[in-house]
Amino acid sequence: MLIVEIENLTVQYPDVKALDDVSFRVDQGDFLGIIGPNGAGKSTLFDSMLGLNTKYTGTIKFFGEDIRKSKNYLKEIGYVPQKPIFEKNFPATVSDVVRMGLKNESDESKINEILQQLWIHELRNRRIGELSGGQLQRVFIAKALVNNPKILILDEPVTGIDQQSIELFYSILRELNSKQKITIIWSSHDLDAVNQLANHVACLNRTLFFHGESAKFFSNDELIKQYSEASMQEHMHHH
Amino acid sequence: MHRALISGIAIAILCSVIGLFLVLRRYSLFGDAIAHSSFGGIALGLLAGIYPLWTAYGVSIASALIITKIKDRYNISGDASIAVLLSSGIAVGLVIIGLSGGFTIDIFSFLFGSILLVSVNDTILILSLTGGILVVILLLYRQILYSTFNEEQAKVSGIPVEKINYLIVFMAGLTVVTSIQLVGVLLISALFVIPNVTAIMYGKGFKQTAIISMSFSIFSVVIGILISYIFDITPAGTIVLLSIGLFAGTIGIKSAGLLSKH
Ligand SMILES: Nc1ncnc2c1ncn2[C@@H]1O[C@H](COP(=O)(O)OP(=O)(O)OP(=O)(O)O)[C@@H](O)[C@H]1O
Ligand SMILES: [Mg+2]
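Now for a look at the structure at hand. (Residues numbered from 1 in each chain as written. Chains lettered and ligands numbered in written order. Predicted model: local features only at pLDDT ≥ 70, side-chain atom pairs only at ≥ 80, totals over all residues. Heavy atoms only, no water.)

Residues and elements named next belong to chain A. Around ligand 1, a shell composed of 14 residues is seen, among which Gly39, Lys42, Ser43, Thr44 and Gln82 lie nearest. Between an oxygen atom of ligand 1 and a main-chain N or O atom of Gly41, the distance comes to 3.0 Å. In this structure, an oxygen atom belonging to ligand 1 sits 2.8 Å away from a side-chain N or O atom of Lys42. Isolated, ligand 1 exposes 630 Å² of accessible area, and the fraction of that covered by the protein chains is 62%. Broken down by element, the shell around ligand 1 gets its largest block of residues, 3 residues, from helix 1 (residues 42–49). Taken together, the residues of the shell around ligand 1 break down into 5 nonpolar, 7 polar and 2 charged. (Near = heavy atom within 4 Å. Polar contact = N/O pair within 3.5 Å; in protein donor to acceptor, adjacent residues only side chain to side chain. Areas by Shrake-Rupley, 256 points an atom, 1.4 Å probe, with all protein chains shown as cover. Helix = DSSP H or I, 4+ residues; strand = E, 2+ residues; numbered from the N terminus. Nonpolar A, V, L, I, M, F, W, Y, C, P; charged D, E, K, R; others polar.)

Here it is in structure tokens:
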């Protein structure tokens, strides 16, 4: 089943064109890794898909419906932002934060279940501002998952997190995709991780450079070389 | 006297709940700004011979909503928009007072509160507004909390964040003007802010923090009214000093290491 269809998506900010004529599709059960250097437009793509940026041209459809027409699709999405910003001394515990994601407040047992699944149950009464980066990330994933979404969208969620937590996080993602059949769209800088986890790859650098099965991408040295060069150029351009 | 206590308790609860959301939105001084703009409304009422609280409700809520609209539309920062609201209310009030050749004692009770003189009708109004606002907050609890925590994520969860923001501004306007009778225009933000920053220091979850804040607020208001009644002084000062006392006490406990540090 087709879940996302993006056609000719272009986003022009005042100074830069962040996305240029991007088109791709995501099927039910896909695990799509979006790779691209800093400034490639990954967050811009997600912002547009989530209705946070409405200044785009082209069309974005979820479940066959244009997102400009209906916001119903948001019910089916769990989103983990690149930087979860909040007031450091916000008086909310881990369970308070996860509960915010819960649309049906009577489902309290769901909160405990998800906290256990993400190995943060013992943190449930701790204030959110006291947690480490890795713990915080799992709390935000729990919040995104507590409503049983069909799609999980994660924006580069491993920056500044230690190797062990990253491994745990990856195994959780793999399980969500394979056992619970959640469609995952995930942006990352880590080519190896994308190679291991994702079954589809989209290489983004303002334009869509490649989109298809990850096996096809990773078995094609020429493509990887081109991608790395493009990223390098982008990198030098920035420094 | 018991009218004063009943209205005082209702206002204490209301201010601490609305104030908690304002403080967490980095909007601590918004109550103050609304209160100052109500000064313009009060002066207008006195000039026109209308009951000043009604004009205060109208002017404060309208100007709070307008400034919020301008702030969103033109990307003005929260503190700057508060400064605009605050000074324009006072300016309008001063001009009106000047034009009318100055008022008598009336304006004084609005500046510093007059809870001991609260009438039966005022009490009924205060209680019904408190009840109404609390019901709205309970019904929209998750939406209000989530959009206070993080606007973008709340939006992605399908919460109509903008509408919720206007609702909070509207309820803050109602709350401020209602509370003017207790502490007056000048000290209103003390009721909004002090019990909440104190409660936040206890390191608890959201509901417990709200309950701690309400308890501190009720304590200061009740004891403050009693003290001012006994010593025949204006309650606003004693109420605010008591809540500052609780704040200082909490800092003391915290620095003595009896509360976890954050
Ligand atoms: N709100 C905005 N207004 C103007 N320009 C923006 C805005 N957001 C992003 N940009 C620009 O658009 C381009 C793409 O940015 P974006 O954040 O989408 O990249 P990204 O792939 O997520 O990068 P990173 O890997 O660093 O997170 C960048 O040049 C950025 O400066
Ligand atoms: Mg990004």
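After that view of the structure, there is still more to cover.
All names here are of chain A. Listed as protein donors to the magnesium ion (ligand 2) are Ser43 (OG) and Gln82 (OE1); their distances from the metal cover 2.0 to 2.3 Å. With Ser43 in helix 1 and Gln82 in the loop between strand 6 (77–80) and helix 2 (94–100), this pair connects stretches of sequence that are 39 residues apart. Residue classification places Gln82 among the partly exposed positions, given a relative accessible area of 32%. (Donors = N, O, S within 2.8 Å, 3.2 Å for Na, K, Ca; no water. Buried < 20%, exposed > 50% of the residue type's maximum accessible area, 1.4 Å probe, protein only.)

Before going further, it helps to examine the pattern of salt bridges. Two side chains of opposite charge can pair, provided their charged atoms sit close to one another. Residues and elements named next belong to chain A. Tallied over the entire structure, the rule returns 10 salt bridges over all chains. With a closest N to O distance of 3.9 Å, Glu7 and Arg25 form a salt bridge. Separated by 18 residues along the polypeptide, Glu7 in strand 1 (residues 2–12) and Arg25 in strand 2 (residues 17–27) bring together distant segments of the chain. A residue is classified by how much of its surface remains accessible, and Glu7, at 31% relative accessible area, is partly exposed. Since its relative accessible area comes to 46%, Arg25 is described here as partly exposed. Salt-bridge contacts for Lys110 lead to Glu113; the nearest nitrogen and oxygen are separated by 3.6 Å. Here Lys110 pairs with Glu113, and both are found in helix 3 (residues 108–117), just 3 residues apart, close to one helical turn. Under the relative-accessibility criterion, Lys110 is labelled buried at 13%. Residue classification places Glu113 among the partly exposed positions, given a relative accessible area of 46%. Bridged by salt links that share partners, the residues Glu5, Glu7 and Arg25 form one connected network. (Salt bridge = Lys/Arg side-chain N within 4 Å of Asp/Glu carboxyl O.)

Strand pairing within a sheet occurs via backbone hydrogen bonds; the two strands may be parallel or antiparallel. Residues and elements named next belong to chain A. Taken together, the 6 strands give an open sheet; going across it, the order is 6-7-8-3-9-10, and neighbouring strands pair in mixed fashion. Single-partner strands in this sheet number two, and they are strand 6 and strand 10 (207–213). Across the sheet, the mean angle separating the axes of adjacent strands is 15° when strand polarity is ignored. The sheet strands contacting helix 4 (residues 133–145) are strand 6 and strand 7 (151–155), and the helix crosses strand 6 at an angle near 165°. Along the sheet, helix 5 (residues 163–178) makes contact with strand 3 (31–35), strand 7 and strand 8 (183–188), crossing strand 8 at roughly 150°. (Pairing = 2+ DSSP bridges. Axes fitted to C-alpha atoms, helices over the stretch in contact; angles between N-to-C directions. Contact = heavy atoms within 4.5 Å.)

Here the focus is the sheet that holds strand 4 (residues 57–62) of chain A. Residues and elements named next belong to chain A. Strand order in the open sheet formed by 4 strands is 2-1-4-5, with antiparallel pairing between adjacent strands. Here the strands that pair on one side only, and so sit at the sheet edges, are strand 2 and strand 5 (65–66). Sheet topology places strand 1 next to strand 2; 7 bridges connect them, and they run antiparallel. From the neighbouring strand, Gln12 faces strand 2, where its bridge partner is Lys17. Each of strand 1, strand 2 and strand 4 touches helix 1; the most contacted strand, strand 1, lies at about 120° to it.

For the rest of this paragraph, the subject is the side chain of His200 of chain A. In this fold, His200 of chain A is placed in strand 9 (residues 200–205). Other than its neighbours up to four places away in sequence, His200 of chain A contacts Asp30, Phe31, Leu32, Gly33, Gly212, Glu213 and Ser214 of chain A.

All names here are of chain A. With respect to the element layout, Ile60 can be found in strand 4. As for Ile60 and Val4, which are separated by 56 residues in sequence, their C-alpha atoms are 7.4 Å apart. The contacts of Ile60, once residues within four sequence positions are left out, are Glu5, Ile6, Leu9, Ser48, Met49, Glu65, Asp66 and Ile67.

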